[in-house]
Amino acid sequence: MFSTELVVQTVISGVMIGVLYALMALGITFIYSIMRMINWAMGEFYMIGSYLQYALVALLLGPDLWWLAIPISAAGVFAFGLVVQWSLLKPIFRKPPEARDDYATVVTLALLLLLRSLATGLAGPNQFSPGSNLPVVMVGPMPLAGARVAAFVFALAALALFYCLLRYSWYGLALRATSQSRIGVQTAGIDVQGVDRIAFGVGVALAGLAGALLAPVFLVYPTNGLITTVKGFEIVVIGGLGSIPGALIAGVLLGLIESLGAAFIDSAYQNIYGFALVLLILVLRPTGLFGERGREA
Amino acid sequence: MRGRRFSTGISLGFLLAGTIAAGVLASGLPAQAQDIGIGLVVPLSPPGDPVGGQLIRRGAELGVETVNAAGGVLGGRKFKLYVEDSQGKPEAGVAAYRRLVSENKVAVVPGFFHSSVAIAANEVANEMGVPTMALQASAAEITSKHYEVAFRTHVVDPVRVSAFMEFIKQKGFKRVSMIAETTDYGIGIADETIAQAKKAGGVEIQKVPFDRTVTDLTPQLLQIKAFKPDLVINIGVGQPLDLIIDQATTIGLLPTTPMLISYDAPVRPQYWKLHPKNGAGLYFIAYFSPKAPLSDIGTAFSKAYVEKYKEDPVYGALNGFGAIAIIAQAINAAKSTDSKALIKTLETGTFKSWPSNPVTFPRASGVYWHNWSAPVLILHYTKPMEDWKEAEVAVQYAPVVPKD
Amino acid sequence: MEPALETIGLFKRFGGLLATNDVSLSVERGEIRGLIGPNGAGKTTLVNLVTGVHAPDAGEVKLGGQSLRGRGMHEIARLGLVRSFQVTRLFGNMTVRENLMTSFLARRDKGESDGAGQTEGMIALTKLGPLADTQAKKLSGGQRALLQMACGFVVPANCYVLDEPFAGINPVIKDAIIDMILDVNRRHRATFLVVSHEMAIIRRLCQQVTVMMEGRVAAQGTLDEVARLPEVIAGYLGKALE
């Protein structure tokens, strides 16, 4: 059982999926860090991204232009996120801060159910696949679907772009400042609602991007966002809510633990290993690996 | 659960009885004294599966026409079919059974697509005495309770597994991996396979279970690849089944290692849309193929069906027709429509249905009690985008009822 | 000419407490006005009403004659009314330079410079050079107060409302902040409303002071004038000056 080749293959597979998990979780943690609310419908934005990718590839662009469809799908989810923030979330933020969490939870859970039912109603319960013409790629001893390698590379590029925007652009400065003090940025003259809108759009677009990238790998169906919801929140707890490096490291960690556990302990409990890690972290470090204990209002 | 099902079943039943029976009775002609009533309980509206119900109904209706055109039974008495909608709901199915027996005085109640409906109806049938015949419900409980009234003409899981074993034997496979979802279905089939393989001997089996909600099955498939099997049995249902095919292709398990799918999902049009390139070469369980031989009455029925509906009959329709044919033969043999006589005749006699294997309902052990099924097929897609009707029949396994 | 900052009959009630009760005051352009009064007199509430943190129940605020009714905090800041907080609101995980840069970029006019010059100028002025790349949360209380002030001055505003800028900081930094206030006031004719308990500093900075007691404007005049009023002595200054 413990052949070196199998170990190496399992580690490669775990890291690959871990980076994609991180992409799914990043949006949750990013939106939380700016808006101090949890978007429970994150998985449904992943789902929308995957359907957009399928629709673009299958009906409009064809499988050779899949790479063009990916930014379009992510942009579509971004635009939808702007509309959701403007129509559903902005009114919540006029209420006193104590009530926001509860309202945000109710609104985003309702959105989750609505979007899922809508997907079933519009496209049916069956799964679709946009297909992929990419050849299988050997990564060391590990054969990997071209689409999965492409997803990995795109995900890394998106994470790098996201980091640079946050680090080096004026808007990144405003976003980071907002995550430190919502009152402070308003005093400085920054429209915090505008920042919220962009943050929500970008956050859900990250999930939408993951959905578009993984559409040929994990298929397209109404409840495919469940993986984002489940893994995303596990990662957020492991890495620390609101921590972006935490999301990246926890994503890879989760991918590795699941892969190794499934390969070398018992494959039936693949999902359990992640939960065990979550429980361990909650006991040892309740704020997660990189979580902050508190912050200025 | 059962208590609640029954109380709501009865109260809802009375409510539904008014609405549904009014429609059925208004449309049907008054039964003539010498006519023999046959009930049919099938799902015709959601949350049931209306397509599944409709196919059975078509077959049964054509079956009744055939019997009546040939002069009926017992020297000239005609069949009259009473169709009831179970909506896939146990309580509606129970109410339908009660109505058919007490108002329409039917001799037999075939039908039953959803297992839950068949199980609930059998509880009432056990008291009221008129036999049921489950045509497309596979839960073990339907026959394993050994009710006098409960009959079935559908593939039960041990038969499915026997077909796997037949296939393994024919191909001479020595190492077999199973990737099985951790559901009653997946684990049930995997464990049955292990048990039958142990009995047969000479085959090494690897069981790799997975949780249905997991989407990345690479770790499981890597383990399978490391086992170097001659055959992989894919025991996923729905989306995991498709993920397994794709991810096995990626890591190079497919197409070099043959894969067998545990049910007939690949006959659906969706299959080739999802696997245009890697769907070829796979084997899958099916209950019917136009390439498999039919009996003489099956051939005649198929012709009549094509004429009437402009399409080939599929398993549901064939089984609907077969039930009527079996019932007609049993009534003739019993020379009576009395329930007790009919049950006795069904248990002891040999009948003819749409496939070539003879129909019997022996008082056998376990799920084989009162259970007959058409031969189980293993079909093989030999080229991409192949029509399932053209698929090669790799195995045709006629179930052998184990002797006590 | 319109006053630089004007409040007209401001009322604000929190539950049973009338925090400001018909507060009207007006500050001329280029003036440094002191706002004094005992704790709980409504000074911070007034600052919050002026800068848009709270909306008044009645009355309105005008900046250079323009009504601020219905405007959010960030709009008021962009119109040139900048405030400081009693408890500093800095961006704790960001460096001194990034804090200044954020404040600059938030209020600059589109297409203006990238702020590097202004930011470095402010770092030099506040002598925070060695700490430019230190996270704000690691600064001392005085350094934080200084940085907050610098964030306000990095883009010159028309009007500043400073809530207790000198509370709990050492004399050297106090002098630095006073110098910055006087410098901006002189060079840009910026208007100031300074809330403080430190009478020596108020005396140095302000020609006029407004005294608030129990949510009302109790008196107005030079510090020496108001200090002579019996009710002000009884309610506040008697304690503060001794």
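Residues numbered from 1 in each chain as written. Chains lettered and ligands numbered in written order. Predicted model: local features only at pLDDT ≥ 70, side-chain atom pairs only at ≥ 80, totals over all residues.

Draft legend 1. Broad picture of the interface of chain A and chain B. Between chain A and chain B, the residue contacts involve 26 residues of the former and 24 residues of the latter. Tallying contributions element by element places helix α1 (residues 4-35) of chain A first for the side of chain A that touches chain B, with five residues. Its residues placed into classes, the side of chain A that touches chain B shows 14 nonpolar, twelve polar and no charged. (Contact = placed C-beta atoms within 7 Å. Helix = DSSP H or I, 4+ residues; strand = E, 2+ residues; numbered from the N terminus. Nonpolar A, V, L, I, M, F, W, Y, C, P; charged D, E, K, R; others polar.)

Draft legend 2. Representation of the domain arrangement of chain B within the structure. Residue and element names in this part refer to chain B. For chain B, the assigned domains are domain 1 (2-155 + 294-373) and domain 2 (158-286 + 377-397). For domain 1 versus domain 2, the distance between C-alpha centres works out to 33 Å. Every contact between the two is made by four residues of domain 1 and, on the other side, four residues of domain 2. Partitioning the side of domain 1 that touches domain 2 into residue classes produces two nonpolar, one polar and one charged. (Domains from an automatic or database assignment.)

Draft legend 3. Layout of the confidence of the model for chain B. All names here are of chain B. Per-residue pLDDT for chain B has a mean of 87; in total, 91% of the residues score no lower than 70. Within the model, pLDDT remains below 50 along residues 1-31, and this stretch shows 25 contacts once partners closer than five positions in the same chain are excluded. Interface confidence in the predicted complex, given as ipTM, is 0.82; pTM for the same model is 0.78. (pLDDT = per-residue confidence, 0-100.)

Draft legend 4. Molecular detail of the sheet that holds strand β8 (residues 231-235) of chain B. Residues and elements named next belong to chain B. Strands sit in the order β7-β6-β8-β9-β10-β11-β12 across an open sheet of seven strands; the sheet is mixed. Strands at the two margins of the open sheet, each flanked by one partner only, are β7 (204-210) and β12 (392-397). Across the sheet, the mean angle from the axis of one strand to that of its neighbour is 20°, orientation sign disregarded. Looking at chain direction, β8 and strand β9 (residues 259-261) are connected through three bridges and run parallel. Bridging from a neighbouring strand, I233 pairs with L260 of β9. (Pairing = 2+ DSSP bridges. Axes fitted to C-alpha atoms, helices over the stretch in contact; angles between N-to-C directions.)

Draft legend 5. Fine view of the packing of α1(A) against helix α9 (residues 226-239) of chain A. Residues and elements named next belong to chain A. Two numbers describe how α1 lies on α9: the axes approach to 8 Å, and their chain directions differ by 70°. As summarised for this structure, α1 and α9 are arranged roughly perpendicular, according to the angle between their axes. Here Y21, A22, M24, A25, I28 and T29 of α1 lie close against α9, whose contacting residues are T228, K231, G232, F233, I235 and V236. In terms of residue class, the contact of α1 with α9 is made up of eight nonpolar, three polar and one charged. (Parallel < 35°, antiparallel > 145°, perpendicular 65-115°, else oblique.)

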